[in-house]
Every structure is written in structure tokens, then in C-alpha cells.
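# Notes for the structure review
The primary structure of each chain is shown beneath.
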Amino acid sequence: MEEEDSNKKEIKNEIKEEKPFVRVEDPEIHFICSSCKMNEVVQYKGTYPPFAGNIKLLEPCYVMRDPFQPRAKTKPEAFIVIGADCCICEKAVCKDTTCSFFYAKSFCIKCAGENIHQLPKEVQAKYRKQVG
Amino acid sequence: MSSKSKTNLVNFSFCNFKHSLESFLVGNSPHETLVEDKSDFWKFVAKYESILKSSGQPVIPPPTDSSIPLEKKFSEFQKRFYVPLDFNDGGGSDKGRSKSSKRFVDDRNLSSTQIKQFGEIVLIYLDFKQKEKFQKIKKLRKTQKSLPIFKFKEKIKECLETEQILIIAGDTGCGKSTQVPQYLREFGYQKIACTQPRRLACVSLSKRVAHEMLDDYGTTVGFQIRFEKNKSSRTNILFITEGLLLRQLAVDANLDQYDVLILDEIHERNLQGDFLLGVTKCLIKAKPDLKLVLMSATINIELFQNYFNDENVQLIEVPGRLFPIKTVYLPPPSLELNKNKASTSSTTARFNPEPFVQVLNLIDQKFPTTERGDVLIFVSGVNEITTACDALKEYSERSTNPHWIILPLHSGLALSDQDKVFDYAPEGMRKCIVSTNIAETSLTVDGIRFVVDSGKVKEMSYDSSCKGQRLKEFWVSKSSADQRKGRAGRTGPGICYRIFTEKQYTAFEDYPTPEIYRVPLETILLQMISMGLPDVRVFPFIEPPAEESIEQTILALKQHSALTFDEKITALGKALANLPVEITIGKMLLMGCVFLDTQKILTLAAAMSVQSPFTNRAFTDPKCENERRDLESDNGDVFTLLNSYHEWLTMKWRSENTRKWCHKMGLEEQRFYEVAKLRNQFKNILESCNMLMSESTGDETSAERSKRHGEVQMLKSLKRAQKFQEPRKKKFLKREEFTEESFDNQTNDIRDVDFRLSHDSNQLEILMNSCDIQRSFKDLMLLKMVICAGFYPQIAIPDEFNYCKGGTQQFFHTFLKPFVSIHPNSQFSKNFEILKLNESEISEKPRYYTPKNPLSSHHQVLCYQNLLETAKPYLMNSIRMPAAQTLLLFSFSIDTNASITNVVCDSWLSLDFPIPEMGREVLLRAVRLRRTWQKLLSKKLEEVDGVASGEQKKEGRRDKQIREDLWDDLIKFTSLNVTYSVKKLLPADLKNLYNHCEINLEKFTINPFAEDFLVSQNTQKGGLQVAENVVYGCLNESTWSNALDLELQEQFWSCDFCGKSIVVTGLKKAVHKIKCTAKPSISYEEPSSHQSSSKDDKFYCRSCKQTFNFSKIEILKHKKSCR
């Protein structure tokens, strides 16, 4: 291919673009929120995201590498928690306040409603405020 | 303060311990840093504390241990468990990372409880940031789903499952360009190409789509444009310009690298887009697996639907998303007054900005500045923008409370200036954008409430009758006017003020004229033929161009030897189709490849292909004119350009601030970068097909290498920093912006960094040499000759009465168009005397030469790059050439009389050579030169084919010598001292031009013009075809040529070689010379006769008072070191 060839040559002539570090292929985990159908590819599910620095999670979550900043080894806050499995029905739910409720564990909004009376009353108040 | 007591925010704040708590935030290694933006974090802490205080909870509860059992968390309320995060300090990570000890804070005034409490605040902050980022994604998805196109996603999927072609028609704002490629990827397509008419759109769309796919820093989405590409093997969606995809098609007709082609913006109907439509229409038949998605605005959809009638096409119409827009017709009062005047032609009337001022005034009266009210004004061109902006600024200044920010917008603006139109006007202010039709489709500014439409557009059209372009102002089409109106309703209801009447609107054309009717077709037709199309006349154009213009184009291609007479593509044609430039420039490059030193030709071709870097200001601002004076060349404007480029490179070489210099000179620096890139592209293409020898890179010393290495490292880190910079955020506009100081800093100029990355000092020196034309006449003349080789027949001769007229009345005639002028910005326009014959250059006439035309050896013609009609027809970018030599070297057909005292070129210009022998000698030399040139070119082109089949021949020394000699001989030829007259033939002259007499072939045992050319009778004109382009003896004799013949018959002629004196005339002498046995046998000159090399110039250094034999580069080096 003419165009391709000349382009290849061009690249050869240029000084090779140095990559900041060797890229390790991330696994692709498909996350779909059972409530709002939010559909994202995340790179990690668990409690200790390897790219979250010194932060761990209270429960296993679906975690995405922060796509809004370039990949680098030593960046803080380079992750986004997208969702978790409901601690009761085990369905995946996203972090949106219309889809899940969090107190020590994630609850899908339905299970949260059904089980809220078992939680402290401050938490019940907060839940009502969130759903309200 | 007691460390055991509770933390009470009434008398305590973490903000007072910023310094000692910093170590908590940073940890023991960079890996442990917790927050990205510390100042943002401390702002959060301050706010958090004040909220707690104001809500009556100033006492922070004791820290919680997150490892307590779940039941306890559920039974006993702990606020801390609203936050799903914790520190991973030595805990059981699954990868065994971060075994760090606890974060250590060295401050006796802080208790360990307080430090733990601080940690909880950090977690709250991080959770807050998590929620922000999550919402960012959520919002992105919500915006995507709210786009009108989203409702059609499933339908698109279904359509593509059953059909091969799908048309999606939707207006701007429906989201088709950004969403459809993503949908296709979701449907499982892996190799998606999406074409765009404009380079800029490719870049910005790929950025936008990558962002929406959360892959800003990856390569799932890429782009490829003329000078740049950004893609990898992982790329699934590629935005590519139409032209580039066509080139890929040309070499890989099956296009296996894509499984879907999306052709976007096909309603624009530009040349490449139309061509692509035709090509893909053919392609899908051959490739049933390939899907084709055509996207267009809702303009003339039936046309596209009907075009694909045979192929079962599906149509999806997506409604746009527009708020209601009120249309107000506000014709200028002058239009009403002048109704009776016959001339309403818009070109004669000067542009009047008053109606636009009135509209702003109207808006000011009707709508308080507290309401939103940005304005977008459409006018036809850059000059109109300047005039309107001045008037509007003046209006704004006059008011007691100036609140208008006036912003010009056109494609000639620097990108950073274009970006300003996206900024917000501050509270109480409004922005008013004055734009060309660039904001009609290609650029979308949100938030516009008022559109003011002049209804005018300036458009380039092509006049095939004079092969000239015309830039004229027209009324826009209905569809353009509606498109402009639509820009007022993107963010809310709007108003469109039309500076014309409703009646005029109804008289507008429905659609704009497609580009195929407005441009020369040479390049596109040649490209089609080279792709293997046997007959371009049957190509399935969506709207075919006129048959006549196709025929004319084919004829022109034949004249350029790109096609044979039976319309097969030649080797030259193939090579031309390979080059991404107009045929004229391509031919220049190829004809230039024959010579030994091609560096200059590459630069010249690149410089002539880019838009001129001289801005309007360069010609209107006397300061710029002054600054430029030293760089101006009286040989042609292109040489002024090369001189400027040389100066620019020299400054780059000295690492000086070129941006500032360009601004001072009124130059658009971007063009110079483009010249460098394009030159590199030419070089690569020509090298890859072996038209050019790839040069070996010079040896560097290790010191030079390591210096360059350091430089490259520095540049790369600069580049990386820029690449990862946040995309430009919208800013608030200021009413007065001073840009002067921004020229002082060049380190943040990405173009400069790129340029320096790809050009080390060796390459810079090569570039500098390649545009240094002031030192060698030989180089200059060769460049001029190569220009003519490419641009012929674009020749103009001066009017015969120019000698007695002033500057404004200098006229020239081209073959097709009489009385054209030189563009007022051209150097020749000021310095027109240089094109006239002065008294001393006019020779005395022999008594038998009766015509009144002056005899001289200094006649000149102009060779021009294009003919452009604005107010008047103008010759653009011309160079001056010696007339006879140029015509004899490049004319397509040369006719002579029997004694070769009269030569007619292309049945247009007649040359008289009244001095005996002269005409014949000049013509013989010209024929020999052009044949040698042609042979060398053919040989090169054959080699190209040879290389393809694996054989590569080493160039012999003899060939090299021939190439060297050709150059020398051409230079000598152009400086021949030959006396002649030039005359333009009139239609009446043409009637009696040819004698239609047969000449006895037997007399021609030897062809003195070209020994290996088989002489034949020319049946059309009479006489004999003696070379490819020469017919001998077909012209009728004139009174004076007969008289000369009589005189000559009485004279003896003595041969230079054998010394014999014989009575012979005309060609017989030439025949004798060839036959003469006493002829010396050496045909090549000794190398010593070549011009002295450039090293021989003496250079005297004023600072060290020494004289050197230096080349120009060495002089610079010396000057630098000797300061």
C-alpha cells in the first residue's frame, strides 16, 4: 500500500515515540447495572484494586481505571468505583443513588427498601432522604 | 490542648496543621500519595468543618475501627460506614502490595485520635471525588442517550443485518457523527472507517468519540489525515479524510482492512465525496460483506436514495433537535432605494456593515443584557468580516455601557483565535461572532440566540473556457440559508434576521452547486483512470459533470502526456496519480527528478502546493512591506516565498523565535510547517518508488549524537507534557485581548517542538540549502525551468502596447483569455518595468525585416500558477522567463517554415528569427534538449516499473554525466543570445497559416532534428513531422522570409568542421553538419567547464578579521561561534 508504506517510512524516520511505561493488558470485565442497565467495561472486581494506590474497598466492587487521566504508575485517585453486587440479592448495581444504597455494604435499592428496618435508625433516615 | 479530649471544631481546625498533615497525605513514597490536588483537598476540609459547625455537630466522634464484624456495623450506627473506602496500610492485599507502615505525622500538638479522624476526612474526600467521577460518566451516558439518534440504534442494527447500504439523514445536533461509529462497534464491527471532508473534523471527532468511549488515552479510536495519523493495531474506529481513503482504495481496491465504511457529510457534495460515492457504489457489488453507511444532513435525500435505487438501500431519517426560530426579513434600506437601478450585482456594490450594526442596536433595545443573547453573523468573506467587525466595535464603544465582544471567525485565523468563539461572555456581556460560512456546517457554536444572515457567500468557480478560477460573491442557496438559521435554535428559541427580502429568498437556488461543477477535473479524472477505470465517461457520478468538460480534461491530460492518444494511462500518468498534489505540481516534481540535485525541487514543489503564508496584513501594513523588502525577488513571487522560508529556517537553525518574526512579517507560520511536512511526504513517495535516491545520512560525531540525544529527550518530554495537558477549557472572554506578548514564548508551541523533533541540525541544513536561491543563477534558472515544465501551457505574453503605459494598465494575454492583469500583491505589479523591453534591449532590424514588432533577445513571457478572477482576472504566482527558449522547450506543437525563420508555437504565438541560421540553431538545440529530458524521465519511470519486478540497475557514470550535462545545457540554452520578435496570432492569421504542401521525403535521408525519429508527412498542416512536437515546413512563407531566402541564395556558407564553402539553405546545412566527416567526435564536455562550486565564494568575517572559503552554512556556523 502506497500511502501506508510512505507513512511507515515516515514513522521510521521520526524518532520512535517512547512509551511512558510498559502497558500491562487489563482484563475486561463487563458490568451491567441490574437497575438502570448502565453498561461499562471495568478492569477489576474485588477489594484491592491494583491501581488504587493505598486505598482498599470495604467490599468487592467493580472498579474502572480512571479514564480521564493518562495511565501512570504513581497517580493517586486513578480509579472509579462503578458498582458492586447487592449484599442481599447479589445482583450487580451501579453507584447511582437511584440504583443502590450504601451503608457498610451495598444494597440494591429494592433490597435496601425491604431490609432497611434492620439497620440503625440514622441509616433509615438517610435512606428515606435518598429515596425521598 | 489535651490530647485525650474530644476534637471540637469550635477551637480546633485541621487546616491549622496543613504542614504536618502533608506527610499523611503523601505517605512514604510517591506510590502512597492519597490525593491528586492538595489545594482542592484543603478547600474541602475547610468547607467540611464549617458545615459540621453550622449544623451543630462540632464535636467529631471518635474514630471507628472498620474491621469490626458486620453485625456490629448494622446494629450500632457509625457514620464512617457511609464511606466504602479504607486505607490499605499493610492489610491483606491480593497482590501483596503496599506493605508500608502506618502513615507518620510528626506533630506533638496532634493526638493519634485526631490523626485517625483526619484519615476519615481524607476518606470522605476521596469518596466525594469518586462520586464526582462516577457522575461524570453517568452524565456522559445520559447525554448520549438523550441524542435523537439514540432512538434509532436498534433500527440501525436491524437494517445492517439485512441490507448492505444504509442512509442516515439527520441534521446537525442529532448525534450521528459521534454515535453511529460507536453503535457499529457495539454491534461487533471491528474495522470501521468513517470519512470526513475536513482534516480538522477527523481530529476533533476522534477525540470526542474516544472521550465518550472512556478511552481518551488509548487508541481504540484513531484518525488519519494528510500529515498526521494516530492509530494502532487496536484501533477499531478510524476517522479519515475522504481524499486519503480514496488513495487507499487506489492501491487496495478491495479494501480488506475495513468491514464498514461510513461516509459522513455526503450532502456537502464536494469532489472527493462524490467520487467516493461512485467508487463505493461499484465496490459493494464486489464485496458483499462490506457494509456502507451514508450520513447526510436532511438535504436532498431523494438524490442519494435514487442513486442507490438498484442496491436496496434503507433510509433512516432522524429528526433534528431544534428549538423554534423566528425569521425576520430585514432588507437594508439601500436595497429598497436602489431598486430601480439596473445593477444590483453584488460585486460592484461595496460591502455595507450598517445593517448589522442596526440589528445589534435592535437586539440591545429589545432584549435586556441579563438575558442570554449571543449573536452569529454570516458574511461572505474575510474582508467583509474585517469591515463588519470594525463597524460593530465602533458601535459597541459608542454605547454608554459597552457589552459586546466582537469575534471574527474564518478558516484563515490561527486555531487558537478560532477557539475563542467557544469561550463564554462574562456576566452582562454578549459575544458577537462574525463568520464566513465556516460556521454554517463545519463549526458548531452553542448558545447562539440570534443569527444575522447577509445571504451572501463567496465561492470559487472554475471557468473551463479560460482555465481560470473565479472567486465571486453569490446569493446562498435555500438550504444554506436554512442551515444558517438553524444555528440560532440549538440551545433555546432564537431569531434569525435575514438581510434580504422574502422574495429574494424564494428566488434562491434550492441547493448549493456541487463542487464537481466548480473545479478543474484533471486530478480526479486521472486518479480514476489510474484506479483502473477504463472509461471515465461511464463512471457512475451521482451528478455527472458536463461531457464537454470531461473531454477537455482528457485532452489536457493527453497534452501533459499523462494519457496516450488512445486514452491509456502512461507511466508518467501513473506516477502523477500517486502524488497527492495537482497535476501541475506533480509534473514539476517528476520532471525535476531527472536532475542530480533534487533538494531544491522538493522544497519548491512543497512551497507551491501550500496556501500562501502571506496574510492580507503582509500587503496592507506598510511595516510588513518594509520588513519583507530584503527578501523580495524580482524573478517571481514564489522566490520571495523561498527567500522567506530560508530566513525562517535560518532562524530555526539559530533557535530564534520564529513565531514572533512571522507575526512581524505578516506571515502565517503554520504554512511553513506544512511546507516542511509536505516536502518530507514528497520525498518519501518519490523515494519509495525509486524516482529519488534515498540519501545516506551524514556521519555524526559522537559528541553531536549525544547532544542531539539530549535535545530529543528534552523535546519529547515537552511533547508528552502537551499531549497529556487537559483539553482546552472554555474560558471567559475579556473585552480587550492583547495577543502581542504571547509571541515571546515559543517553548509551549507544539508545532515548534514537533518540527525540532523531526529535524536535526543536518536536516535543517539540507532544508536551508534547498531554498537558497540567491547564490546560484544556475539553480534559480533550473527551478524556473521546472516550474514551466509543470505549468505549461499556463503562459502569458505582455500586450504589445505595455511599453507606453503605466502600472495599472499593464495587460497580458493567455492562450485562452486576453487582457489579464498581474495581481496587485505581486512583486511584478510594483516592479512592472522589469517585464518591459528597455531601449537598449531592442535590436536594429535588418532591411528585409519589415514587420513592426520589435526585435530583441530579451523578450519575456510569464508562466503563472493559476488565473484567478476576483474584481478582475489576475495572474497568480507568476515567474518571468525568456520567451523563445521557453516556448520552444515546452510547446505541445511547434510549426516552422522551410528556412525556420518563422516558428509558430501551439498555433498561438509566432516567433520571427530574421537573422539567418538563428531560428534553426535554436530550434535544433531545443528539440535535442527536450528529447534528452524526456528520455531521461522515461528511463526513470521505466526503472520504477523495473524495481517493482525486482531488478534494480545501478546508474552508470555515463547516465549521470548526461543528467549533469542536460542541466548545464538547459542553462546555456536559456541564456542564448538570439534575436527575434514575438507576436500573438489573430484568428485571421490562423486561416492562412499552413501551406498544406507535401515535402519530398526522400530528401530526408537523415533527420537533423532527431536522428532516431522516423520522419513522416503531416497531413493536417502540410510539411514533415520531424520530432514528437515539431512539424517542419508547414508554414506559409511571408514577404520578408522570401526576401531573406533570396538574399541567402547569393551567399556561400562555410562549414565549421570541414571549412568547405557551399551554397545551401535551410535544413541542408544541418544535414551537412551531421554528415560532415570532419566533425569532432567528443560529445561530452570536460568537467572543468562546469560552474564553480559554491564553496569558492570568499567570506570576510568582521569580528575575527579573517577571510575564509566557506559555504553559506559554514558562514553561519562561524558567525555563531565567533561572536
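Here the structure is a predicted model, which means the values were calculated and not measured.

Glancing now at the overall build of chain B. Check the secondary structure of chain B and you find 38 helices and 39 strands. Every one of the 1123 residues in chain B was classed for burial, and the buried ones make up 37%. If you take every contact in chain B between residues at least 6 apart in sequence, the share linking residues at least 24 apart comes to 71%.

This brings us to the overall build of chain A. Along its length, chain A carries three helices and nine strands. Of the regular secondary structure in chain A, the N- to C-terminal order runs α-β-β-β-β-β-β-β-β-β-α-α. Looking at chain A residue by residue over its 132 residues, the buried ones come to 37%.

Residue and element names in this part refer to chain B. Spatially, E21-E20-E25-E28 is the arrangement adopted by the four strands of the open sheet, whose pairing is antiparallel. Unpaired on one side and paired on the other, strand E21 (812-814) and strand E28 (879-882) mark the two borders of the sheet. Across this sheet, the average inter-strand angle for adjacent strands is 35°, counted without regard to direction. The pairing of strand E20 (residues 795-798) with strand E25 (residues 860-863) spans two bridges and is classified as antiparallel. When the bridges of E25 are listed, Ile795 appears paired with Cys863. On the sheet, helix H30 (residues 777-791) packs against E25 and E28 and is oriented at approximately 95° with respect to E28.

This part covers the packing of helix H8 (residues 242-251) of chain B against helix H9 (residues 271-286) of chain B. When two helices pack together, their arrangement is captured by the angle between the axes and the distance separating the axes. All names here are of chain B. Packing of H8 against H9 leaves a shortest axis separation of 9 Å and a crossing angle of 35°. Crossing geometry of H8 relative to H9 is assigned as left-handed. In contact with Glu242, Gly243, Leu245, Leu246 and Leu249 of H8, H9 contributes Gln272, Gly273, Phe275, Leu276 and Val279. Of the residues contributing to the contact of H8 with H9, the split by class is six nonpolar, three polar and one charged.

Residue and element names in this part refer to chain B. The sheet built from seven strands is open, its strands ordered E32-E31-E30-E29-E35-E34-E33 with mixed pairing. Either end of the sheet is taken by a strand with one partner, and the two such strands are strand E32 (981-984) and strand E33 (1016-1017). Along the sheet, helix H32 (residues 883-890) contacts strand E29 (894-896), strand E30 (902-905), strand E31 (909-912) and E32; its crossing angle with E31, the most-contacted strand, is approximately 120°.

Buried together is how nonpolar side chains tend to be arranged in soluble globular proteins. Residues and elements named next belong to chain B. By size, the foremost hydrophobic cluster in this structure holds 177 residues, and its most contacted members are Ile262, Leu589, Ala605 and Cys863. In terms of residue count, H30 provides more of this core than any other element does, ten residues in total. Setting aside residues no more than four positions away along its own chain, Leu589 makes contact with Leu579, Ile601, Ala605, Phe682 and Leu686.

Here the focus is helix H6 (residues 176-186) of chain B. Residues and elements named next belong to chain B. Burial runs high along H6: eight of the eleven residues are buried. Three or more residues of H6 are buried, namely Lys176, Ser177, Gln179, Val180, Pro181, Gln182, Tyr183 and Leu184. Backbone geometry just after H6 places Gly188 at a positive phi near 110°.

What follows deals with the confidence of the model for chain A. Residue and element names in this part refer to chain A. Summing up the model confidence of chain A, the mean pLDDT is 83 and the portion of residues at 70 or higher is 80%. Within chain A, the element-level pLDDT minimum falls on helix H1 (residues 2-13), averaging 43, and the maximum on strand E7 (residues 92-94), averaging 96. A low-confidence stretch, residues 1-22 stays under pLDDT 50, and its non-local contacts, those more than four residues away or across chains, total 26 contacts.

Residue and element names in this part refer to chain B. It is at 9 Å that the axes of helix H17 (residues 522-530) and helix H19 (residues 571-578) come closest, and there the two elements cross at 110°. Taken together, the axes of H17 and H19 are roughly perpendicular relative to one another. In this structure, the crossing between H17 and H19 has a hand that is left-handed. Taken together, the residues of H19 that come into contact with H17 (itself represented by Leu526, Gln527 and Ser530) are Gly573, Lys574, Leu576 and Ala577.

Here we take up unusual backbone geometry. Going from Tyr792(B) to Pro793(B), the amide bond is cis rather than trans, its omega being 10°. With respect to the element layout, Pro793(B) can be found in the loop between H30 and E20. Of note in this structure, Glu77(A) is not a glycine but carries a positive phi near 55°. Positionally, Glu77(A) belongs in the loop between strand E5 (61-65) and strand E6 (79-85). By C-beta crowding, Glu77(A) is classed as buried, having 20 other C-beta atoms within 10 Å.

What counts as what
Residues numbered from 1 in each chain as written. Chains lettered and ligands numbered in written order. Predicted model: local features only at pLDDT ≥ 70, side-chain atom pairs only at ≥ 80, totals over all residues. Helix = DSSP H or I, 4+ residues; strand = E, 2+ residues; numbered from the N terminus. Buried ≥ 20, exposed ≤ 12 C-beta atoms within 10 Å, placed from the backbone. Contact = placed C-beta atoms within 7 Å. Pairing = 2+ DSSP bridges. Axes fitted to C-alpha atoms, helices over the stretch in contact; angles between N-to-C directions. Left-handed = near helix turned anticlockwise from the far one by under 90°. Nonpolar A, V, L, I, M, F, W, Y, C, P; charged D, E, K, R; others polar. Core = buried A, V, L, I, M, F, W, Y, C linked by C-beta atoms within 7 Å. pLDDT = per-residue confidence, 0-100. Parallel < 35°, antiparallel > 145°, perpendicular 65-115°, else oblique.

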